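What follows is each chain in one-letter form.
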Amino acid sequence: MSNLSELLPAGAGAKSADFVASGTLASGQTVVLRSDGKVEAVVAVAQSAGSPVVFESAGVTETGSAYDANAQRVVISYRDTGNSNYGTAVVGTVSGTSISFGTPVVFETAVTRHSAVTYDANAQKIVIAYRDDGNSNLSTAIVGTVSGTSISFGTAVVFDSSSGASNKFAATYDVNAQKVVIAYMDSGDNGFAIVGTVSGTSISFGSRATIESSRNDDLALVYDSSAQKVVIAYKDIQNSSYGTGAVGTVSGTSISFGTPSVFNSGTTNQNSIAYDANAQKVVVVFQDHESSNHGAAIVGTVSGTSISFGSKVTFNAAATTHPEVAYDTNAKKIVVSYNNNNAKGEVIEGTVSGTSISFSSAVQFEPAAPQNITIVYDSTAQKVVTSYEDSGNSSYGTSFVFQAASSNNTDFVGITNEAISNSATGEVVVQGGVITNSNFLPAVYTPSSGTPVVFEAGDIGDSNGLPSVAFDSNSNKIVIAYTDVANSGQGTVIVGTVSGTSISYGTAVVFETGSTSYSSVVFDSNSNKIVIAYRDGGDSNHGKAIVGTVSGTSISFGTAVTFETANSDHISATFDSNSNKVVIAYRDDGNSSYGTAIVGTVSGTSISFGTAVVYASVNAQSKSMAFDSNLNKVIIAFRNFNNSGYSWAVVGTVSGTGISFGTAVVYSSTGTEHLSVIFDSSNNKAVLTSRDSSNKGIAVVGTVSGTSISFGSAVIYSGSSTADWGFAVFDAAANKVVISYSDLSNSSHGTVIVGTVSGTSITFGTALVFNNAGDTNYIGSGFDSNLNKVVTAYQDANNSNYGTSVVVTLTGASPALTIGTDYFVQTDGTLSTTTSTVPAGRALSTTSILLEG
């Protein structure tokens, strides 16, 4: 790469240079060059969306937002319909993928309309432009000062006393001129712009300038920092309502515009505009009326006082309203939030290349139709904040935080030639060195299995409960809970120690002397305890839970606690690491067999419970649970026996000792059994598996948004084979989904397969048989995060139905290279022939590559 030429020694052959490491780097690690001159490992951040947060518990409309870089806060302005339509502002603080708010502050004690907000970086002030209906509908501006989580205001200033009923304000800040620019329309739809100078807590203005000598609407402003110009997008009513752009030049307290340029030859509504600092382009998003109101985007290039446009691109092929756009400087992505078909809120990422833009798959952030959307980028938190009127929640003012997918892999340096400690100096091969494809992050993972090991020399066959597996990360032990059929069906647990490709066990311990079924074991990482939820057949089938403490290769228990006095079955549990609570889901046969959940708090060797909550008023069977650590949500997958056994899922939010749920959603419209659900923390997706009505093993990728979940299409992981007892687990080291199942088409042999999530779908590799002796039934799995191994437990029907387990290891490898082909480093650190801005080199053999500089 040309920017490395100054670092490299002259002459042919391999070239290297010494770099200081940021973080500890292993030998042979792919690294990138940071802006401070250090090198760091390739890191990719997955796309994620936080839960919606209410900032105003009343109706809001006509919202605007800006980011105060000095206070490091987001400011939202709006008309508060719950408070006489007064102009109001609130300060938000982003933390992770959530946002919290201070107390709303009224800035205008009259009806305000069409507010627009910008941040003056020189004065370090917020400026809000609006129409003051309490003062003859005049165009007005006010300066705000953010302090902590609040904002105070100076005196409002009328900047156009002749415009009458002003509308459609837009605002931006000209960094070069250090001026605020406001665009607006008068009562006759004539478009104007005016330059404001902030001084202290007030603002003064020059004379207004006409944007174009015709009627305008749907104004949007942005500052192009490369061209040092203001760019406006608008609907030119006088010219068939075409989408039009123009370049504005600020001089002193005045602004003038160049010749307008049409970007869409058709009726164009609801314009929004952003500046892509990486591509040095502006991007306009809009509702394309001539294409059935689809959402569209177009890239503009400023040159002097003119602007030219590429071809428009559709980002939503359905009726789109309220599209709003921002630029994420960290991810180098355009982010658009919008109302899809007046039914739900969605957000989508766009990448500018040349004069065009391409988009990823959309993510739902609001199940109802959001109105009056505004969007802003928080450069400190490196997140996008979308705020809106939530029509599904009494039109309350609501915001959510979006993390765009990103990677630091924008400037590939090379491969470390030695291990380098943090802040130490070491050699990095940057050009001419020949390395193997194994130096790059693995693109393909294949499973291997050790020799099966018996953990219970007796029958564990129980169709009312699989062996349940958890990993105790405090003691680094595997814990298996199961029904010991050979011992009167007593609830039993055993502790296992993984070593290499095998596992050894201590002595089994009975945790319940009654006939026990539906056992589900989880690890509470807050208290470092094991919790087992189960049905106690020796006590009227009550739902119970018990707390265990692992010590060495054994486990001891406190006293069992009843969480449900009615007949409880189809029990599953998970641990919410955000609230530090155990959540148990079950079918309450004492309440119409409804799907029910309850929250448990571990204290010492006991557990206490809150009030049970119905999550689905249906006969809920065959359930499984997972915790979404990105959005801090509980996901329950269950079989709706009232709905032909279809597979459903529901999202729960723990608060204190209670839990609330969104609306359950169907993800498989076929009779299903043997459900499992896991959370892929690399892609921030849920993966749900089951056996469909044709006995095929299927997997579905789910995306949680707020209190809802949406799904991609089902994928058959068992190929042409039929499958049974499929159980999924997430390998957090390889970032892969591992499914163990019984291959009915192959003598019911125990089989494992590896899945890779991409977007809203999943693909699978080649299956591996781990038990070829006979029937493999009642499967459960867990992941040992200490040794990065999957442990699968099952009933071995070919060996007297003994409880048996096997250790599965995923081994990563890059695929064979094509000789003479150029390869590129992808954002996740893998190699591919897919062109990127980061070339790696040319393949010299099927396993080696010549680095390019």
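Quick note: structure is the one above.
From a predicted model like this one, the values you see are computed outputs, not experimental measurements.

Undergrad: Sorry if this is basic, but what is going on with the pattern of salt bridges here?
TA: Side chains that differ in charge, positive against negative, can pair when their charged atoms come close. Evaluated as defined, the whole model comprises 18 salt bridges. Here Asp589 and Arg587 are joined by a salt bridge, their closest N and O atoms 2.9 Å apart. Given the relative accessible area of 11%, Arg587 is considered buried. In the salt-bridge network here, residues are joined through shared partners; they are Lys168, Asp217, Asp218 and Lys235.

Undergrad: Mind showing me how you'd approach the nonpolar core here?
TA: If you look at soluble globular proteins, the nonpolar side chains tend to sit buried side by side. Membership of the largest hydrophobic core comes to 19 residues, with the highest contact counts inside it found for Tyr615, Ile636 and Phe638. At the level of secondary structure, the elements contributing two or more residues to this core comprise β50 (581-588), β51 (594-603), β53 (613-628), β54 (633-640), β55 (646-655) and β56 (658-661). Looking at this core element by element, the count peaks at six residues for β53. Contact partners of Ile636, with chain neighbours within four places excluded, come to Ala585, Ala597, Tyr615, Lys623, Ser624, Met625, Trp648, Ala649, Val650 and Phe661.

Undergrad: Is there a simple way to explain the sheet that holds strand β72 (residues 831-832) in this structure?
TA: Sheet strands line up and pair through hydrogen bonds in the backbone, either parallel or antiparallel. Taken together, the five strands give an open sheet; going across it, the order is β38-β74-β73-β71-β72, and neighbouring strands pair in antiparallel fashion. Across the chains shown, the open sheet's two edge strands, defined by having one partner strand only, are β38 (434-436) and β72. Relative to strand β73 (residues 839-843), strand β71 (residues 822-825) runs antiparallel, the two being bridged by three bridges. Counterpart to Asp822 in the pairing with β73 is Arg842.

Undergrad: Would you explain unusual backbone geometry in this entry?
TA: Peptide bonds are, in most cases, trans, and in most cases residues other than glycine have a negative phi. Here the phi dihedral of Ser394 falls at roughly 60°; this positive angle occurs in a residue that is not glycine. Tracing the backbone through its elements, the reader meets Ser394 in the loop between β33 (383-390) and β34 (396-403). At Ser593, a residue that is not glycine, the phi angle is positive and equals roughly 60°. Summarising the element assignment, Ser593 is placed in the loop between β50 and β51.

Undergrad: In this structure, what is going on with a nonpolar patch on the surface? I would like to understand it.
TA: The grouping of Val434, Leu844 and Leu850 at the surface amounts to a nonpolar patch, some 240 Å² of accessible area in total. Following the sequence through the fold, Leu850 ends up in strand β74 (residues 848-851). Taking the relative accessible area as the measure of exposure, Leu850 reaches 31% and is therefore partly exposed.

Undergrad: Quick question: what am I supposed to make of the side chain of His114 here?
TA: By the element assignment, His114 lies in strand β10 (residues 105-120). The exposure class assigned to His114 is buried, which follows from its relative accessible area of 18%. Discounting chain neighbours no more than four positions away, the residues touching His114 are Glu62, Ala129, Tyr130, Ser166, Asn167, Lys168 and Phe169.

Cut-off values and rules
Numbers given to residues run from 1 along each chain, matching the order in which its sequence is written. This being a predicted model, a pLDDT of at least 70 is required before a residue's local features are given, and a value of 80 or more before pairs of side-chain atoms are given or counted; all residues contribute to the totals for chains, interfaces and linings. Side-chain metrics rest on all non-hydrogen atoms present in the structure, leaving aside hydrogens and water. Salt bridges are defined as contacts in which a side-chain nitrogen from Lys or Arg sits within 4 Å of a carboxyl oxygen from Asp or Glu. Only protein chains enter the accessibility calculation, which uses a 1.4 Å probe; a residue is then buried when its area is under 20% of its type maximum, exposed when over 50%, and partly exposed in between. Among the buried residues, those of types Ala, Val, Leu, Ile, Met, Phe, Trp, Tyr and Cys that are joined through side-chain atoms within 4.5 Å form a nonpolar core. Strands are runs of DSSP state E lasting at least two residues, helices are runs of H or I lasting at least four, and both sets are numbered from the N terminus onward. Note on contacts: a residue pair qualifies if any of its non-hydrogen atoms lie within 4.5 Å across the two residues. The pairing criterion for strands is at least two bridges between them, as found by DSSP. For patch building, the residue pool is restricted to those with more than 30% relative accessible area and no salt bridge; the joining distance is 9 Å between like charges and 5 Å between nonpolar side chains (Val, Leu, Ile, Met, Phe, Trp, Tyr). Per-residue and other accessible areas follow the Shrake-Rupley method at a 1.4 Å probe size, with only the shown protein chains counted as cover for residues.

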